[in-house]
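Structure at a glance
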Amino acid sequence: MQPEFDSLTRVMKARYSCRAYLDKPVERGLIEQIVHTARRAPSWCNAQPWQLTITSQEETEKLGKALYKHASQNAMQPDMPWPESYVGAYKDRRYACGMQLYAALDIPRADKPARTAQMLENFRFFGAPHMMLVTAPSELGPYGALDCGGFITAFTLAAQAAGLASIPQAAPAAHAPFLREYFGLPEDRLILCAISFGYADEAHKANSFRTGRAALDEIIDWRE
Ligand SMILES: Cc1cc2nc3c(=O)[nH]c(=O)nc-3n(C[C@H](O)[C@H](O)[C@H](O)COP(=O)(O)O)c2cc1C
């Protein structure tokens, strides 16, 4: 196989959703390089609908405190509808990755307060030094969001290749009105998700497991 394929495969295999970070900021120049590469993601008509709000370490901590408090006391109000339900294989996969996380953290299934506390870590961005909020113009509809999904994947891979760890997070976007007001974002931009990123705390239990993937025969329907 081409060396480029091997390199890409290595990066894709090494990337994982990181839920504990070192207390160390990332230089702005490196963040810019990663975005520079990730923006090569394809988008319909090359519209490149992603707009990014990126916080410094100090601002991430400030936002995290405010959002954690807000999310602990308020119901979700996402801009984009949340999935209605996960059924069949989707339900199984969702359950499996949740159980992997709780097992890694020694949280018993029945310990709801501990699970809630772990879920709330989403709102302080798992201690990451930086947070990137990804928004799309609402008039582009679901395809604008689809384009941003490509950018999000590209960003996580570019970050991995640059020696950083990251995690896309829908949870913060569930508090869209709070974030819109906090950052003064216009009404006509959909708040899609956050990506927390920084240097991984590799010794932390939350980073000790890797999720699985469906076999090819589960996802490809060959027609010959
Ligand atoms: C759009 C999107 C939203 C996600 N939202 C969250 C989230 O709110 N909280 C979280 O802990 N993980 C979140 N994740 C991470 C997924 O749980 C993770 O990608 C999945 O379990 C596969 O594991 P891996 O990324 O380690 O390979 C999200 C991932 C994506 C792509």
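Before going further, it helps to examine the overall build of the protein chain. Regarding its fold elements, the protein chain presents eight helices and four strands. Reading the helices (α) and strands (β) of the protein chain from amino to carboxyl end gives α-α-β-α-α-α-β-α-β-α-β-α. Relative to its length of 224 residues, the protein chain is compact, with a C-alpha radius of gyration of 18 Å against a globular reference of 17 Å. Dimensions of the protein chain along its principal axes, counting C-alpha atoms only, are 55 × 45 × 35 Å.

What follows deals with the site of the ligand. The ligand sits among Y16, S17, C97, N122, I167, P168, Q169, A170, A171, C193 and T211. The element contributing the most residues to the shell around the ligand is strand β3 (residues 165-169), with three residues. Its residues assigned to classes, the shell around the ligand shows seven nonpolar, four polar and no charged.

Bringing the sheet that holds strand β1 (residues 51-54) into the picture now. Spatially, the four strands line up as an open sheet ordered β1-β2-β4-β3, and their pairing is antiparallel. Edge positions in the sheet fall to β1 and β3, since each of these pairs with one other strand and no more. Sheet twist, expressed as the average angle between the axes of neighbouring strands with direction ignored, equals 25°. Bridge analysis of strand β2 (residues 130-137) against strand β4 (residues 189-198) gives eight bridges, and the strand direction is antiparallel. In the sheet register, M131 faces β4, and the bridge partner there is S196. Helix-sheet contacts for helix α6 (residues 141-161) involve β2, β3 and β4, and the interaxial angle to β4 is about 10°.

Turning our eyes to something else, we now look at α6. With 21 residues, α6 extends 31 Å between its outermost C-alpha atoms, agreeing within 8% with the 30 Å of an ideal straight helix rising 1.5 Å per residue. Among the residues of α6, G144, D147, C148, F151, I152, F155, T156, L157, A158, A159 and Q160 are the ones counted as buried. Taken together, the buried residues of α6 touch α1 (3-14), α2 (28-38), β2, β3 and β4.

Let's shift gears to the pairing of β4. The two faces of the sheet receive side chains in turn, since in a regular strand these alternate between them. Counting buried positions along β4 yields 10 of 10 residues, so the element is predominantly enclosed. Relative to β4, β3 is paired through five bridges, and the arrangement is antiparallel. From the neighbouring strand, Q169 faces β4, where its bridge partner is A194.

Attention shifts here to the environment of E61. Looking at where E61 falls in the secondary structure, it is placed in helix α3 (residues 57-73). Accessibility expressed as a C-beta count within 10 Å gives 18 for E61, which makes it partly exposed.

Moving on, we get to the packing of α2 against α6. In contact at an axis separation of 8 Å, α2 and α6 are set at 135° when each is read in the N-to-C sense. Comparing the axis directions of α2 and α6 gives the class oblique. Seen along the crossing, α2 lies across α6 with a hand that is right-handed. Note on element contacts: α6 touches α2 through F151, A154, F155, A158 and A159, opposite I34, T37 and A38. Of the residues belonging to the contact of α2 with α6, the class tally is seven nonpolar, one polar and no charged.

The geometry of α1 relative to α6 is characterised by a closest axis approach of 9 Å and an angle of 100° between their N-to-C directions. The angle between the axes of α1 and α6 places the two elements in the roughly perpendicular class. Residues V11, M12 and A14 of α1 touch α6, and the partners they reach there are L157, Q160 and A161. Among the residues forming the contact of α1 with α6, the class breakdown is five nonpolar, one polar and no charged.

This part is about unusual backbone geometry. Phi angles above zero are rare outside glycine, and D106 is one such case at about 55°. Looking at D106, the number of C-beta atoms within 10 Å reads 9, which means it is exposed. Notably, F125 is not glycine yet its phi reads approximately 55°, a positive angle. Following the sequence through the fold, F125 ends up in the loop between α5 (112-120) and β2. Residue F125 is classed as buried on the basis of its C-beta count, with 28 C-beta atoms lying within 10 Å.

What counts and how
Once a new chain begins, its residue numbering starts again from 1 and follows that chain's sequence as written. Only residues with pLDDT of at least 70 get local features here, since the model is predicted, and only at 80 or more are side-chain atom pairs given and counted; chain-wide, interface and lining totals rely on the full set of residues. Put simply, DSSP marks the helices as runs of H or I at least four residues long and the strands as runs of E at least two long, and each gets a number from the N terminus on. The quantity called the radius of gyration is restricted to C-alpha atoms. Its globule counterpart is 2.2 Å times the number of residues to the power 0.38. For each residue, a C-beta atom is placed from the backbone, and the residue counts as near a molecule or strand when that atom lies within 6 Å of it. Three residue categories are used. Nonpolar comprises Ala, Val, Leu, Ile, Met, Phe, Trp, Tyr, Cys and Pro, charged comprises Asp, Glu, Lys and Arg, and polar comprises the others, including Gly. At least two DSSP bridges between two strands are required for those strands to pair. For helices, the fitted line uses only the C-alpha atoms of the stretch in contact; every axis is such a line through C-alpha atoms, and the angle between N-to-C directions lies from 0 to 180 degrees. Each residue is represented by a C-beta atom placed from its backbone, and any two residues with such atoms within 7 Å are regarded as in contact. One less than the residue count of a helix, multiplied by 1.5 Å, gives the span that helix is expected to have. Exposure classification rests on a simple neighbour count of other C-beta atoms within 10 Å of a residue's own: a residue reaching 20 or more is buried, one at 12 or fewer is exposed, and one in between is partly exposed. C-beta atoms are placed from the backbone. Under this scheme an angle from 65 to 115 degrees is roughly perpendicular, one under 35 degrees roughly parallel, and one over 145 degrees roughly antiparallel; angles in between are oblique. Each crossing gets its handedness from the near helix: less than a right angle anticlockwise from the far helix is left-handed, clockwise is right-handed.

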